[in-house]
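Below are the chains, spelled out letter by letter.
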Amino acid sequence: PRRLRAKMAAGSGPGARELFAEGLLQFLRPAVRQLDRHVHSVRESQVELREHIDSLATGEHSGGHPCPLGVGAQGAHPNPSPELCRINEDQKVALDLDPYVKKLLNARRRVVLVNNILQNAQERLRRLNHSVAKETVRRRAMLEAGGYQGK
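So, here is what we can say about the structure in this document. (Residues numbered from 1 in each chain as written. Predicted model: local features only at pLDDT ≥ 70, side-chain atom pairs only at ≥ 80, totals over all residues. Heavy atoms only, no water.)

Scanning the protein for helices and strands turns up four helices and zero strands. Secondary structure of the protein in N-to-C order comes out as α-α-α-α. Across the 151 residues of the protein, 19% fall into the buried class. Approximately 11,100 Å² of the protein is accessible, and the part contributed by carbon and sulfur atoms is 58%. (Helix = DSSP H or I, 4+ residues; strand = E, 2+ residues; numbered from the N terminus. Buried < 20%, exposed > 50% of the residue type's maximum accessible area, 1.4 Å probe, protein only. Areas by Shrake-Rupley, 256 points an atom, 1.4 Å probe, with all protein chains shown as cover.)

A cluster of nonpolar residues, F20, L24, F27 and L28, forms a patch on the protein surface that exposes about 430 Å² of accessible area. Of the residues examined, L24 reaches a relative accessible area of 39% and is grouped as partly exposed. (Patch = residues over 30% accessible without salt bridge, like charges linked within 9 Å, V, L, I, M, F, W, Y side chains within 5 Å. Salt bridge = Lys/Arg side-chain N within 4 Å of Asp/Glu carboxyl O.)

As for its position among the elements, T136 is in helix α4 (residues 98–145). By relative accessible area, T136 is classed as buried at 12%. A distance of 2.8 Å separates a polar side-chain atom of T136 from the backbone oxygen of V132. (Polar contact = N/O pair within 3.5 Å; in protein donor to acceptor, adjacent residues only side chain to side chain.)

Time to look at the side chain of Q122. With respect to the element layout, Q122 can be found in helix α4. Of the residues examined, Q122 reaches a relative accessible area of 14% and is grouped as buried. Those residues in contact with Q122 that lie beyond four places of it in its chain are D36, V39, H40 and R43. (Contact = heavy atoms within 4.5 Å.)

Pairs may arise between side chains of opposite charge once their charged atoms sit close together. Inspection of the entire model under this criterion finds five salt bridges. Its salt-bridge partner being R140, residue E22 comes within 3.1 Å of it at the nearest N-O pair. Placement of E22 in helix α2 (residues 14–57) and of R140 in helix α4 is noted, with a sequence separation of 118 residues between them. The class of E22 is partly exposed, set by a relative accessible area of 26%. Salt-bridge contacts for E123 lead to R126; the nearest nitrogen and oxygen are separated by 2.6 Å. In this pair, E123 and R126 are both assigned in helix α4, three residues apart and thus about one turn of the helix distant. The partly exposed category is assigned to E123, whose relative accessible area is 30%. Connected through salt bridges with shared partners, the residues E123, R126 and R127 form a single ionic network.

What follows is the structure, given as structure tokens:
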């Protein structure tokens, strides 16, 4: 840190700017990597959630009698999963699950939307990181070609 400050104080030429850019990159890199790991983790959990919602919201009813979810009534899902049908059959009180199926489908739509947004943000972050690394290499090569030792 002292050498860094001494070099920064020595001048404001290309070497100082390169040093500042490198220091800034070193400062930001852990945060960017951590953010990237968190984004990746969120994307994985959203995929799992989407798969679980899909398994609940779709499927074929395997029983010999009609599914008690009121298929076709007020926009209910046309093919509720056997698991949703079983849950509904296990209820002692007659419960209309149509609003909940709608909520599940709406939540799935939002998860897909947020997942797409996160994928786009992660791709932009990856491109930005690549551009910064490329620029750092270019500047380092330019400085070395000019005879700057940096030590």
